[in-house]
Amino acid sequence: MCSGRRAGQAGWRIEPARPGGFGGHCCVKREPDGLRETRMSVLGASHDSNLSNVTEPCLEDPKNEKANMARIFERYKDRFTTLPMEKGWHTKNLYLYEGHWYPSKYLFSIANVMCSHETFQANPTDIYLATLPKSGTTWMKALTFAIVNRTKYKNNPLSTHRLLLSNPHDCVPFIENEILKTNPTCEVENCPRIFATHTPYTSLPQSVIDYGCRIVYMCRNPKDVLISLFHFANKMRDESLGPMKIEEAFTMFYKGIIPSGPYWDHVKGYCKASLEHPVKILFLTYENMSVDTANNARGRKGCRGGGQDCQDVQFWESKGVDMHGNFREGVPNDVFFREGKVGDWSNHLTDKMSQVLDQITKEKFNGFDISF
């Protein structure tokens, strides 16, 4: 596996919130004026808006978020509508940008990705959780949020824990969420900011790379990603497109036409980066995390304090998180929760389909120590 032998390497830790932040001194950093003006002009917001000073993200009013998304779409539509285009999974179209495919609308739209690439401002102590869609993103968000914020809720009633009151996607927002806010999240003195992204390593906002921010990447067996994406697409699919058939999903997947894909390029990009920056970028697999979450959290994510922190991980594994309400307008929380059983692909793919994907994976990962 790309990073299995380095997972417990000294220097790689996700720790409970503490003075000094994560892996270094903590600072409250404002956006550079020029970049802030660019971002605010994209949103059409006043330059006099104050930045919030909270680590746990504040949710934007849905009406404001929708309006901001529309402004971003209008700003970038002349650029992305000239890009190569293919039929989408749950949206009408996918657009090819910097070698990867993005949907025409919703949070991870091509316009939002372009905007975040150009305007998102990282902080040096940020933590980024990177995955392809349907590779354990919701699970990783919940685990990381629980670990980093362990001491914050230690002396409070369990019923007040944010994971029991909010969807993990609200606790750990995507970068694309952040650019839709009039007041972006700023780091407070005792806790780093945590963000997630489906963006390939080569298309991350430049400030994330320049600051050497810590990144946790988790990949998953491509056949299970295909099946999970297939189920998700049919839950979210525009009615005008009709139900997606497994044969169609398989063909699009092996051609690399999936959101944020091709799958193999996305995984290799972060694998290469983890080899070049082993202290900063941690490469995990969904399968290893599924076998023994607590020990992987201890060895791979460096739970400080050993046993007790890992008992917390086991507790949250059994307790569950909020699955009710809506994540966004028209997007119920429960679409992000599925059993996620390792090897479920065998219940959906034919032997021929499995063999084709195995062969492509073998060829694409040649020279990389990646296994599932």
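Basis of the calculations
- Residues numbered from 1 in each chain as written.
- Predicted model: local features only at pLDDT ≥ 70, side-chain atom pairs only at ≥ 80, totals over all residues.
- Heavy atoms only, no water.
- UniProt positions renumbered as here; feature names shortened; annotations may be inferred.
- Helix = DSSP H or I, 4+ residues; strand = E, 2+ residues; numbered from the N terminus.
- Expected span 1.5 Å × (residues − 1).
- Buried < 20%, exposed > 50% of the residue type's maximum accessible area, 1.4 Å probe, protein only.
- Pairing = 2+ DSSP bridges.
- Phe/Tyr/Trp six-rings, centres within 6.5 Å; stacked < 30°, edge-to-face > 60°.
- Lys NZ or Arg CZ within 6 Å of the ring centre and 35° of its normal.
- Core = buried A, V, L, I, M, F, W, Y, C linked by side-chain atoms within 4.5 Å.
- Contact = heavy atoms within 4.5 Å.
- Axes fitted to C-alpha atoms, helices over the stretch in contact; angles between N-to-C directions.

An unreviewed UniProt entry lists the protein under the name Sulfotransferase, with Centaurea solstitialis given as the organism. One UniProt comment on the protein, placed under Sequence similarities (unreviewed entry), says "Belongs to the sulfotransferase 1 family."

Visitor: Which residues make up helix H9 (residues 222-236), and what values do they have?
Guide: Taking 1.5 Å per residue as the helical rise, H9 with its 15 residues ought to reach 21 Å, and the 21 Å between its terminal C-alpha atoms agrees with that figure. Counting buried positions along H9 gives 12 out of 15 residues, so the element sits mostly inside the fold.

Visitor: Explain the pairing of strand E7 (residues 281-285) to me, and be specific about the residues and the numbers.
Guide: By the criterion of burial, E7 is predominantly enclosed, with 5 of the 5 residues buried. Of the two faces of E7, the one lined by Ile281, Phe283 and Thr285 and the one lined by Leu282 and Leu284 are each fully buried. Bridge analysis of strand E6 (residues 214-219) against E7 gives 5 bridges, and the strand direction is parallel. Along E7, the bridge assignment pairs Ile215 with Ile281.

Visitor: Any chance you could break down the packing of aromatic side chains for me, citing the residues and the numbers?
Guide: Per the counting criterion, the structure on display carries 16 aromatic pairs. Among the aromatic residues, those joined into a ring-pair cluster are Tyr201, Tyr217, Tyr270 and Phe283. Positioned above the aromatic ring of Phe174, the side-chain terminus of Lys141 is 3.5 Å from the ring centre. Looking at Lys223, its charged tip hangs above the ring of Trp345, at a distance of 3.7 Å from the centre.

Visitor: Describe the nonpolar core, listing the residues and the values that go with them.
Guide: Trp89, Tyr128, Ile215, Leu226, Phe253, Tyr263 and Val267 are the most contacted members of the largest nonpolar core, which totals 81 residues. When residues in this core are grouped by element, the largest group, 7 residues, is from helix H4 (residues 137-148). Among residues more than four places away in sequence, those in contact with Phe253 are Trp89, Pro222, Val225, Leu226, Ile258, Tyr263, Trp264 and Leu357.

Visitor: An account of the sheet that holds strand E2 (residues 93-97) is requested, with residue identities and associated values reported.
Guide: The antiparallel open sheet is built from 3 strands, whose spatial order is E1-E2-E3. A single partner strand is all that each edge strand has here, and the edge strands are strand E1 (85-87) and strand E3 (100-103). Strand-to-strand twist of the sheet, defined as the mean angle between neighbouring strand axes without regard to direction, takes the value 35°. Note that E2 and E3 share 4 bridges and pair antiparallel. When the bridges of E3 are listed, Tyr95 appears paired with Tyr102. Its contacts with the sheet place helix H3 (residues 110-119) against E2 and E3, and it is angled at close to 30° to E2.

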